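A look at the structure
Here's the letter readout for the chains.
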Amino acid sequence: MIFKGEATVVKHTGSHYLLSRLPEWELFPAVLRGKIRLKGSSATNPVAVGDVVDFEAELPEGTDVAAGVTLENPAAITAVKPRKNYIIRKSTNLSRQSHIIASNLDRAFIIATIDYPEIKLPFLDRILVTCEVYNVPVTIVLNKVDLYRESHAEMLEAFHEIYEGAGYPVMEVSALTGEGIDALREACKGHLSLFSGVSGVGKSSLIKALDPSLDPRVGEISDVHLQGKHTTTFYEMYSLASGGFIVDTPGLRGFGLVDLKKEEIALYFPEMLKASENCRFTPCTHTHEPGCAVKEAVEAGEISYDRYSSYLGMLDEEGKYR
Ligand code: GDP
Ligand code: ZN
């Protein structure tokens, strides 16, 4: 019997994909049928984690998808549904190739720490711009608050002011003490979320705290029999026992690369975009123009000077990140 259905890509190994009919978490292997090409996409992977796909499977008599689809008898991916968003990693060489890390994300949780390691605001701002470009809503998760809540109380307060003022929710958590973990778990329920952060901020510890059965360092998907032998894992989705799905990305650097024209950058600073409605000139770079509402808002303390200076830094470096 030929079974036709819809499922989500949860993992891509060298040789095949693993699909699941979310929110069900029952993985089965699939391969691409024919050539699936996305118009205008230069991505090296036509199908990415998070994609919703149509599949067909030849099911032996009396079996369902979970039992009838095997590595020897994989499902066939016949089409990829349009993506609501996706984030890509550009290769650093000159080939101009890019790799889709994940698609259809409801939210990105950017894990950071005020200290241990010390936060670099311009770098965080660059990541936030990237998420805006990719149309992925962001929550900033400050981990390790047990270490700096008291010693860095003022910085912590200022951080909330800056980023909540810019429109980003900020959560305080500690993977070590468990503080804030329930709230984070709640925020993940029913959604597909990206987890990202520079190494050392405690991203792996947080994922483990959310669901002790997950160990991102091991790269676990427990159905060992579904994993082929010589597999290279790129990115994969995890199912949280408490509900929701996450994609863990090893580092932020890779997707900090977007092609933006000078006059576009400010569109991705939400608070500047809003203020710029009142700039005398359009387009306005918010640097030297008279009657610039963004500069006025910075001077009035309504837009954070740190954010504005990140913006200036990006204007300066524009072109270096292609
Ligand atoms: P990753 O590189 O972001 O995955 O970070 P890890 O999860 O490996 O954590 C880096 C280090 O920070 C480890 O030594 C963790 O034990 C420690 N760590 C993680 N979360 C916390 C936390 O909430 N509080 C404290 N004090 N240490 C933490
Ligand atoms: Zn302006």
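Please read these numbers as outputs of a predicted model, since none were measured by experiment. (Residues numbered from 1 in each chain as written. Chains lettered and ligands numbered in written order. Predicted model: local features only at pLDDT ≥ 70, side-chain atom pairs only at ≥ 80, totals over all residues. Heavy atoms only, no water.)

1. Some thoughts on the overall build of the protein chain
Summing up its helical and strand segments, the protein chain has 9 helices and 13 strands in all. Taken across its 322 residues, the protein chain has 48% of its residues classed as buried. Summarising the internal contacts of the protein chain: among those between residues at least 6 apart in sequence, 67% fall at separations of at least 24. Here the protein chain displays about 15800 Å² of accessible surface, and carbon together with sulfur accounts for 52% of that area. (Helix = DSSP H or I, 4+ residues; strand = E, 2+ residues; numbered from the N terminus. Buried < 20%, exposed > 50% of the residue type's maximum accessible area, 1.4 Å probe, protein only. Contact = heavy atoms within 4.5 Å. Areas by Shrake-Rupley, 256 points an atom, 1.4 Å probe, with all protein chains shown as cover.)

2. A few points about the sheet that holds strand S5 (residues 75–80)
Pairing is mixed in the closed barrel, where 5 strands are placed in the order S1-S2-S3-S5-S4. Geometrically, the sheet is characterised by an average inter-axis angle of 55° between neighbouring strands, direction not taken into account. Bridging between strand S4 (residues 52–58) and S5 involves 4 bridges; their strand directions are antiparallel. If you follow Phe55 over to S5, its bridge partner there is Ile77. (Pairing = 2+ DSSP bridges. Axes fitted to C-alpha atoms, helices over the stretch in contact; angles between N-to-C directions.)

3. A look at the pattern of salt bridges
Summed over the entire model, instances satisfying the criterion amount to 15 salt bridges. Through salt bridges that share partners, Lys4, Arg33 and Glu56 make up one connected network. (Salt bridge = Lys/Arg side-chain N within 4 Å of Asp/Glu carboxyl O.)

4. Side note on the confidence of the model for the protein chain
In this model, the protein chain carries a mean pLDDT of 88, and residues with pLDDT of at least 70 account for 86%. Residue range residues 219–233 is modelled with pLDDT below 50. Its contacts to residues more than four positions away, or to other chains, number 29 contacts. (pLDDT = per-residue confidence, 0-100.)

5. Things to note about the sheet that holds strand S12 (residues 237–239)
The 6 strands lie next to each other as S10-S9-S8-S11-S13-S12, forming an open sheet whose pairing is mixed. Strand pairing shows two members of the sheet lacking a second neighbour, strand S10 (170–172) and S12, which therefore form its edges. Between one strand axis and the next, the sheet turns by 30° as a mean value, whatever way the strands run. Note: strand S11 (residues 192–196) against strand S13 (residues 245–248), 4 bridges, orientation parallel. Bridging from a neighbouring strand, Phe195 pairs with Asp248 of S13.

6. Side note on helix H5 (residues 181–188)
What sets the pattern is the α-helix's 3.6 residues per turn: residues three or four places apart point alike. Buried within H5 are the following residues: Ile181, Leu184 and Cys188. Looking straight down H5, one finds its buried side chains confined to an arc of 60°; they lie on one side. Buried-residue contacts for H5 involve strand S8 (107–112), strand S9 (138–142), S10, S11, helix H6 (203–210) and S13. Backbone geometry just downstream of H5 places Gly190 in the positive-phi region, at approximately 75°. (Arc of directions from axis to C-beta.)

7. Details of the nonpolar core
Counting residues in each nonpolar core, the largest one holds 62 residues, and the members touching the most others are Leu124, Ile140, Leu142, Phe159, Tyr163 and Val294. The biggest single contributor to this core is helix H2 (residues 121–133), with 6 residues. If we skip the residues at most four places from it in the chain, Leu142 touches Ala112, Thr113, Ile114, Tyr148, Leu156, Phe159, Val170, Met171, Glu172 and Val173. Membership of the second largest hydrophobic core comes to 17 residues, among which are Ile111, Ile181, Phe195 and Leu210. (Core = buried A, V, L, I, M, F, W, Y, C linked by side-chain atoms within 4.5 Å.)

8. Some remarks on the environment of Arg83
Along the chain, Arg83 falls in the loop between S5 and strand S6 (86–90). When the C-alpha positions of Arg83 and Val52 are compared, they lie 7.9 Å apart, and in sequence the two are 31 residues distant. Only 2.7 Å separates the side chain of Arg83 from the side chain of Asp51, close enough to count as a polar contact. (Polar contact = N/O pair within 3.5 Å; in protein donor to acceptor, adjacent residues only side chain to side chain.)

9. Here's the deal with the pairing of S9
The element S9 is extensively covered by neighbouring structure, given that 5 of its 5 residues are classed as buried. By the alternation rule, side chains of S9 split into Val138, Ile140 and Leu142 and Thr139 and Val141, which are all buried. Relative to S9, S8 runs parallel, the two being bridged by 5 bridges. Counted as the bridge partner of Ala112 is Leu142 from S9. You can see the chain leave S8, run along H2 and come back into S9, and the turn it takes is right-handed. Here S9 runs beside S10; their pairing, made up of 3 bridges, is parallel. If you follow Ile140 over to S10, its bridge partner there is Val170. (Right-handed = clockwise from strand over helix to strand, strands pointing away.)

10. What about the side chain of His286?
Mapped onto the elements of the fold, His286 is located in the loop between helix H7 (270–275) and helix H8 (293–299). Judged by its relative accessible area of 3%, His286 falls in the buried class. One polar contact links the side chain of His286 to the main-chain carbonyl oxygen of Cys284, over a distance of 3.4 Å.

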